[in-house]
Amino acid sequence: MEGIEASGYEEATPVQQQVIPHILEGKDIIASAQTGTGKTAAFLLPLIHKIITSTHDQHTINALVIVPTRELAIQIAQHLEGLSYFTNISSIAVYGGGDGNAFIQEKKALSMGADIVVCTPGKMMAHIKMGYVKFEGLKYLVLDEADRMLDMGFYDDIMFIINHLPPKRQNLLFSATMPHKIREMARKILHNPEEVNISISKPPEKIIQQAFMVYDTQKIPLVLFLLKERDFKSVLIFCSSKLSVKQL
């Protein structure tokens, strides 16, 4: 309770209200929920509770959270560290782009055991191929932002990892959208899942969304035109590359 109070939680979000009871009951979940709905705590809180209140093997990985990017892996790991601060939960984030020291820490945790591992598919697959990852006692698998992972071409990597996990486990799949590919994967991974759908958030009515189909050479003239024609108090512009930023 101390950890929850320290995190500033007072009321559960809709996704937390619907998902947490099912996870505590041991059911598989397929949930449609976007970033910002509180879904990270929706799976971390019950996992933390189940791990600290049950007997488990300390020399294996107990829960695996697979995410599409290193940024999300770091974010979830930080969130997990805050929520589990007053517990003895051990955790690590495993993602590409680190140095030799990061690799040594990852290898140690994956071979000696950690309660919760948050990882990107490619880096975890590389560790598995080296033969020291301890999945024998794994009980929980979480796929977060599954639609993004499929869009980024991680389907084969995910299935490679899953084929190295114990067949008897609890599976939790979260995705902002539910295209055919996601449901196809869910049928292969999940066992009689509970389905949770949180309404997709929409921008306020006052926000106008427009798209302009132009050639690359027309982009900067279009931005200049829009800035001159409309009385913006402030503007935030995203570009696809450093060169584009310099040119703009």
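Since the model is a prediction, treat every value here as computed from it, not as a measurement. (Residues numbered from 1 in each chain as written. Predicted model: local features only at pLDDT ≥ 70, side-chain atom pairs only at ≥ 80, totals over all residues. Heavy atoms only, no water.)

### Quick notes on the overall build of the protein
Counting its secondary structure elements, the protein contains 11 helices and 7 strands. Seen along its three principal axes, the alpha-carbon backbone of the protein occupies a region of about 65 × 40 × 40 Å. By sequence separation, contacts in the protein at least 24 residues apart represent 78% of the contacts at least 6 residues apart. Counting only carbon and sulfur atoms, one obtains 54% of the accessible surface of the protein, whose full area is about 15100 Å². (Helix = DSSP H or I, 4+ residues; strand = E, 2+ residues; numbered from the N terminus. Contact = heavy atoms within 4.5 Å. Areas by Shrake-Rupley, 256 points an atom, 1.4 Å probe, with all protein chains shown as cover.)

### Thoughts on unusual backbone geometry
With phi around 55 degrees, Glu-145 is a residue other than glycine that occupies positive phi space. Its place among the elements puts Glu-145 in the loop between strand E5 (140–143) and helix H7 (146–151). A residue is classified by how much of its surface remains accessible, and Glu-145, at 8% relative accessible area, is buried. Look at Asn-192: it is not a glycine, yet its phi comes out positive at around 45 degrees. Structurally, Asn-192 is set in the loop between helix H9 (180–189) and strand E7 (194–197). Among the residues examined, Asn-192 registers a relative accessible area of 74% and is labelled exposed. (Buried < 20%, exposed > 50% of the residue type's maximum accessible area, 1.4 Å probe, protein only.)

### Re the layout of surface pockets
The space that makes up the largest pocket amounts to roughly 830 Å³. Together, 24 residues line the largest pocket, and Lys-219, Val-223, Leu-226, Ile-237 and Phe-238 are the ones closest to its centre. For the lining of the largest pocket, the elements supplying multiple residues, two or more each, are helix H10 (216–229) and helix H11 (242–247). Considering every element that reaches the lining of the largest pocket, the biggest residue donor is H10, with 7 residues. (1 Å grid on protein atoms, 1.4 Å probe; cavity = no way out; pocket = protein on both sides within 12 Å on 5 of 7 lines; lining within 4 Å. Points joined across faces, edges and corners; volume = space filled by probe spheres on them.)

### A closer look at the side chain of Asp-28
Turning to its location among the elements, Asp-28 is positioned in the loop between helix H2 (14–24) and strand E1 (29–32). For the buried Asp-28, which has no salt bridge, the nearest side chain bearing the opposite charge is Arg-169, at an N-O separation of 7.1 Å. Only 2.9 Å separates the side chain of Asp-28 from the backbone nitrogen of Asn-171, close enough to count as a polar contact. Those residues in contact with Asp-28 that lie beyond four places of it in its chain are Arg-169, Gln-170, Asn-171, Ile-189, Leu-190, His-191, Pro-193 and Glu-194. (Lys, Arg positive; Asp, Glu negative; His and termini not counted. Salt bridge = Lys/Arg side-chain N within 4 Å of Asp/Glu carboxyl O. Polar contact = N/O pair within 3.5 Å; in protein donor to acceptor, adjacent residues only side chain to side chain.)

### Some thoughts on the packing of H2 against helix H3 (residues 39–52)
Packing of H2 against H3 leaves a shortest axis separation of 9 Å and a crossing angle of 30 degrees. Between H2 and H3, the angle falls in the class roughly parallel. Handedness of the H2/H3 crossing: right-handed. Here Val-15, Gln-16, Val-19, Ile-20, Ile-23 and Leu-24 of H2 come into contact with H3, specifically with Lys-39, Ala-41, Ala-42, Phe-43, Pro-46, His-49 and Lys-50. (Axes fitted to C-alpha atoms, helices over the stretch in contact; angles between N-to-C directions. Parallel < 35°, antiparallel > 145°, perpendicular 65-115°, else oblique. Left-handed = near helix turned anticlockwise from the far one by under 90°.)

### With respect to a nonpolar patch on the surface
A contiguous nonpolar patch, built from Ile-220, Leu-224, Leu-227, Phe-232, Val-235, Ile-237 and Leu-248 and spanning about 570 Å² of accessible area, is present on the exposed surface. The residue Leu-248 is located in the segment after H11 in this model. (Patch = residues over 30% accessible without salt bridge, like charges linked within 9 Å, V, L, I, M, F, W, Y side chains within 5 Å.)

### Structural notes on the side chain of Ser-32
Structurally, the position occupied by Ser-32 is in strand E1. The contacts of Ser-32, once residues within four sequence positions are left out, are Ser-175, Ala-176, Met-178, Val-196, Asn-197 and Ile-198.

### With respect to the pairing of strand E4 (residues 114–119)
In terms of residue burial, E4 counts as a mostly covered element, since 6 of its 6 residues are buried. Taken together, the 5 bridges between strand E2 (residues 61–66) and E4 define a ladder with parallel strand orientation. From the neighbouring strand, Val-65 faces E4, where its bridge partner is Val-118. Relative to E4, strand E3 (residues 91–94) is paired through 4 bridges, and the arrangement is parallel. Along E4, the bridge assignment pairs Ile-92 with Val-117. (Pairing = 2+ DSSP bridges.)

### Concerning the pattern of salt bridges
Across all of its chains, the model carries 8 salt bridges by this definition. Ionic pairing is found between Glu-25 and Lys-27, a salt bridge with its closest N-O pair at 3.2 Å. Residue Glu-25 is classed as exposed on the basis of its relative accessible area of 52%. When salt bridges with common partners are traced through the structure, they connect Glu-25, Lys-27 and Glu-194 into a single cluster.

### Some remarks on the environment of Pro-166
Tracing the chain through its elements places Pro-166 in the loop between helix H8 (155–162) and strand E6 (170–175). In contact with Pro-166, not counting residues within four places along its chain, are Phe-135, Glu-136 and Leu-138.

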